[in-house]
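Observations on the three-dimensional arrangement
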Amino acid sequence: MKNRIKVLRAERNMTQEQLAELAGVTRNTIISMEKDKFCPSLKLGYRIAHVFGVGIDDVFTYEEDKDGPFADDE
Amino acid sequence: MKRLTYLTCSLIVACMVAAMVGWSMAAGNFLVPVIAIPLGIIVVLACRAQVDTVIADEREKRIRSKAALRTLEVVVIGGAIAAIILYSYVVSIPLAPIITGKLFINGDGTQSMTIAEYKPGSVPGPATLVRSTTIKDLGAMNETEAVAYCTYVREGFSENESRGLAGTTIGCSLVAMLAIFGVFYLYYNRKY
């Protein structure tokens, strides 16, 4: 799963801390998501999209994993 | 309250509770842990309620659940191996000490018996002898000699028995842990 959180945040001149506070998560979660290390839940995905005022498709893009569509995100 | 303040408070409360429990165990006052531990939990929960920042989000929860599952896997595998090794000291013949009894007929017609303990898994001989005792007259064995003989045999196996007991304890703990895991798994399986 790819995301444009960093780009959207930069466009809005928003810090990771501010986004974390608005989305109700820790800053570490935002950092992990921006590095594509952590795949958020659908609920958090919608919340982040809502913070940016865009649709969820504008933030997250689904990419099939190399190991298949059902591979665990470890 | 900030997250760091909450963690500091929790650490202080944990130290205080640990000190009180330690003191109560030394003093033999078992009422203190019954009061101190729930009180400590209440104080920590009250501090947690005052935190205005996010303490644990879904990433944190996912990390904890994976860490818990990995811990369970490691503990179960490691514990099972340890339990089997320790319990084998009770059931395994090569790991048990070799105790032999040799009967002798004395010059006056009475029978005496020499009981000897040899190292586990060894060939009985002077080099592997741990200790031995002789009952001079089997027919006239008094209570003291009988008790000494019983103690001798019991002591010979006591180390193996304590290892076996440790193995049984570990095994039972693992079974209990897996049973609790199973109960929670079924509960959450029904819930979600």
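Up top you'll find the structure we're talking about.
This next bit is on the pattern of salt bridges. Any two side chains of opposite charge can pair, so long as their charged atoms come close to each other. All names here are of chain A. Per the stated rule, a full pass over the model turns up nine salt bridges over all chains. Note that R4 and E11 form a salt bridge whose closest N and O atoms lie 4.0 Å from each other. A relative accessible area of 34% places R4 in the partly exposed class. A salt bridge links R9 to E34, with the shortest nitrogen-to-oxygen separation between them at 2.6 Å. Residue R9 is located in helix α1 (residues 5–11), and its partner E34 is located in helix α3 (residues 27–34); the two are separated by 25 residues in the primary sequence. Residue R9 is classed as buried on the basis of its relative accessible area of 12%. The class for E34 is buried, based on a relative accessible area of 15%. Taken together, the shared-partner salt bridges in this structure form one network comprising R4, E11 and R12.

A separate point is helix α1 (residues 3–27) of chain B. Residues spaced three or four apart along an α-helix face the same direction, because each turn holds 3.6 residues. All names here are of chain B. For α1, which comprises 25 residues, the first-to-last C-alpha distance of 36 Å matches the rise-based estimate of 36 Å (1.5 Å per residue) to within 8%. Regarding α1, the residues found buried are Y6, S10, V13, V17, V21 and S24. Elements in contact with the buried residues of α1: α2 (31–50). Looking at the residues trailing α1, positive phi occurs at G28, about 75°.

Before going further, it helps to spend a moment on α2 of chain B. All names here are of chain B. An ideal rise of 1.5 Å per residue puts 28 Å on 20 residues; α2 measures up with 29 Å between its terminal C-alpha atoms. Every buried residue belonging to α2 is among V32, P33, A36, G40 and C47, and all of these are buried. Looking straight down α2, one finds its buried side chains confined to an arc of 85°; they lie on one side. Seen from the open side of α2, the exposed residues pointing more than 90 degrees away from its buried face are L31, V34, L39, I42, L45 and A49. Looking at the buried side of α2, the elements it contacts are α1.

What follows covers the nonpolar core. I5, M33, I48, F52 and V59 of chain A are the most contacted members of the largest nonpolar core, which totals 17 residues. Those elements that place two or more of their residues in this core are α1, α2 (16–23), α3, α4 (42–52) and α5 (56–59) of chain A.

Many structure descriptions define interface size as the accessible area lost when the parts assemble. Between chain A and chain B, the residue contacts involve 14 residues of the former and eight residues of the latter. Counting each side, the surface lost to burial between chain A and chain B is near 890 Å², with a carbon and sulfur contribution of 44%. Scanning the region where chain A abuts chain B turns up zero salt bridges. Among the elements that line the side of chain A that touches chain B, the one with the most residues is α3 of chain A, at three residues. Split by residue class, the side of chain A that touches chain B holds five nonpolar, six polar and three charged.

Before going further, it helps to examine the packing of aromatic side chains. Geometrically, a pair of aromatic rings is defined through the distance of the ring centres and the angle of the planes. All names here are of chain B. The full count for this structure, using the stated rule, is four aromatic pairs over all chains. Arranged with centres 5.0 Å apart and planes meeting at 70°, the rings of Y187 and Y188 form a pair that is edge-to-face. Overall, the relative accessible area of 46% leaves Y187 in the partly exposed class. An aromatic cluster is built from F184, Y187, Y188 and Y192, whose rings are joined through pairwise contacts. The ring of Y89 is capped by R163, whose NZ or CZ atom sits 4.4 Å from the centre of that ring.

About the criteria used
- Residues numbered from 1 in each chain as written.
- Chains lettered and ligands numbered in written order.
- Predicted model: local features only at pLDDT ≥ 70, side-chain atom pairs only at ≥ 80, totals over all residues.
- Heavy atoms only, no water.
- Salt bridge = Lys/Arg side-chain N within 4 Å of Asp/Glu carboxyl O.
- Buried < 20%, exposed > 50% of the residue type's maximum accessible area, 1.4 Å probe, protein only.
- Helix = DSSP H or I, 4+ residues; strand = E, 2+ residues; numbered from the N terminus.
- Expected span 1.5 Å × (residues − 1).
- Contact = heavy atoms within 4.5 Å.
- Arc of directions from axis to C-beta.
- Core = buried A, V, L, I, M, F, W, Y, C linked by side-chain atoms within 4.5 Å.
- Buried area = accessible area lost by both parts, 1.4 Å probe.
- Nonpolar A, V, L, I, M, F, W, Y, C, P; charged D, E, K, R; others polar.
- Phe/Tyr/Trp six-rings, centres within 6.5 Å; stacked < 30°, edge-to-face > 60°.
- Lys NZ or Arg CZ within 6 Å of the ring centre and 35° of its normal.

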